[in-house]
Amino acid sequence: MTNVTLAATQTSCTWDRDANVATAERLVRHAAREGAQIILLQELFETPYFCQDQKPEFFALAAPADDHPVLRRMSALAAELQVVLPVSFFERANNAYYNSIAMIDADGSTLGIYRKSHIPDGPGYQEKYYFNPGDTGFEVFRTRYATIGTAICWDQWFPESARCMALMGAEVLFYPTAIGSEPQDAGIDSRDHWQRVMQGHAGANLMPLVASNRIGVETGANSSITFYGSSFIAGPQGEKVAEAPRDQEAVLTATFDLDKLRAARASWGLFRDRRPELYGPVQTLDGHLSSRR
């Protein structure tokens with residue numbers, strides 16, 4: 001058996017960046033004590049979710065991946081605890097800005113960077129102002145404990161993202177996120193929808209999935225978002241095996257046998273019976289192949 005223990009975490013964030021990073025480290029240490037080997041922190045945990053507003057001064061929050069102080073700290077932590085850390089950060093690359101993840105292996109080395117592919121734009125979630133569309137394509141990383149695919153927040157609504165990572169060899173899917181109330185309509189609660197979509201990714205690809213969200217109320221210049229937490233770990237049939245509350249800091253863990261899951265994917269036939277030659281419409285915006293000519 002090849003067992004791996006996964007962890008999701010969630011917490012609130014303030015404008016005390018040092019305190020946020022210290023909290024992230026505390027959660028990682030907590031998860032490691034619980035036996036977790038791959039530990040997911042939430043999206044952009046170094047600060048509040050600044051994308052509520054379009055403020056040019058927030059571009060100063062970005063930094064290059066090389067010698068990034070938070071990545072240095074998390075690399076040292078990963079090596080000390082012998083854990084894998086997908087670390088979300090605001091990346092500056094010359095004149096480009098990305099919502100990125102550095103994949104830090106259990107020896108503290110960085111295996112690579114994934115840049116968020118799908119960038120949302122709407123009331124309270126104005127990410128297109130800050131982030132270029134990612135140029136890495138979907139990434140899968142062979143870590144010490146498992147081969148994992150990691151995408152970011154809005155990516156989680158696209159089944160193509162999850163399927164691509166599964167086809168590339170992912171054994172587990174990870175999604176750091178920042179999602180909550182909709183400033184334009186307080187009656188919208190997307191929590192259950194958000195969970196069900198990702199549960200579908202787990203079930204459709206017969207592999208575990210980990211989602212880490214933030215909690216708390218964050219107020220911008222003209223809006224306020226109540227982040228609804230509810231971080232969770234899904235099993236290979238899409239079932240929730242662990243779930244955090246809406247409004248409390250949490251660390252969740254779950255253990256899976258990767259060899260058993262690999263055998264299940266082979267025997268179930270979902271990947272055997274795929275017909276990629278029929279999926280051309282997925283590569284278009286309107287579903288018509290003629291539009292590509």
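Higher on the page you've got the structure.
Note that the structure is a prediction, hence the values are computed from the model and not measured.

> Kindly report on the pairing of strand β1 (residues 3-10), identifying the contributing residues and their values.
The buried count for β1 comes to 7 of 8 residues, which makes it a mostly enclosed element. Examined bridge by bridge, β1 and strand β16 (residues 250-257) share 8 bridges and lie antiparallel to one another. Each bridged residue has a counterpart across the sheet, and for V4 the counterpart in β16 is F256. In this sheet, strand β2 (residues 38-40) lies alongside β1 in parallel orientation, the contact comprising 3 bridges. Residue pairing across strands places L6 opposite I38, the latter belonging to β2. For the crossover that starts at β1, traverses helix α1 (residues 17-33) and ends in the parallel β2, the hand is right-handed.

> Please set out the pattern of salt bridges residue by residue, giving values where relevant.
Counted under the stated rule, the structure contains 19 salt bridges. In this structure, D67 engages R72 in a salt bridge whose closest nitrogen and oxygen atoms are separated by 2.9 Å. Given the relative accessible area of 46%, R72 is considered partly exposed. For the salt bridge of R115 with D135, the shortest nitrogen-to-oxygen distance reads 2.9 Å. With R115 in strand β5 (residues 110-115) and D135 in the loop between β7 (125-126) and β8 (140-142), the pair connects residues that are 20 residues apart, well separated along the chain. R115 sits in the buried class, given a relative accessible area of 15%. Within this structure, E25, R29, R73 and E80 form a network of salt bridges that share partners.

> Tell me about α1, residues and numbers included.
The end-to-end C-alpha separation of α1 is 25 Å, in line with the 24 Å expected for 17 residues at 1.5 Å each. Listed as buried for α1 are N20, V21, T23, A24, E25, L27, V28 and A31. Buried-residue contacts for α1 involve β1, β2, α2 (69-81), β3 (85-93) and β16. In the segment just after α1, G35 is the residue with positive phi, at about 95°.

Thresholds applied
- Residues numbered from 1 in each chain as written.
- Predicted model: local features only at pLDDT ≥ 70, side-chain atom pairs only at ≥ 80, totals over all residues.
- Heavy atoms only, no water.
- Buried < 20%, exposed > 50% of the residue type's maximum accessible area, 1.4 Å probe, protein only.
- Helix = DSSP H or I, 4+ residues; strand = E, 2+ residues; numbered from the N terminus.
- Pairing = 2+ DSSP bridges.
- Right-handed = clockwise from strand over helix to strand, strands pointing away.
- Salt bridge = Lys/Arg side-chain N within 4 Å of Asp/Glu carboxyl O.
- Expected span 1.5 Å × (residues − 1).
- Contact = heavy atoms within 4.5 Å.

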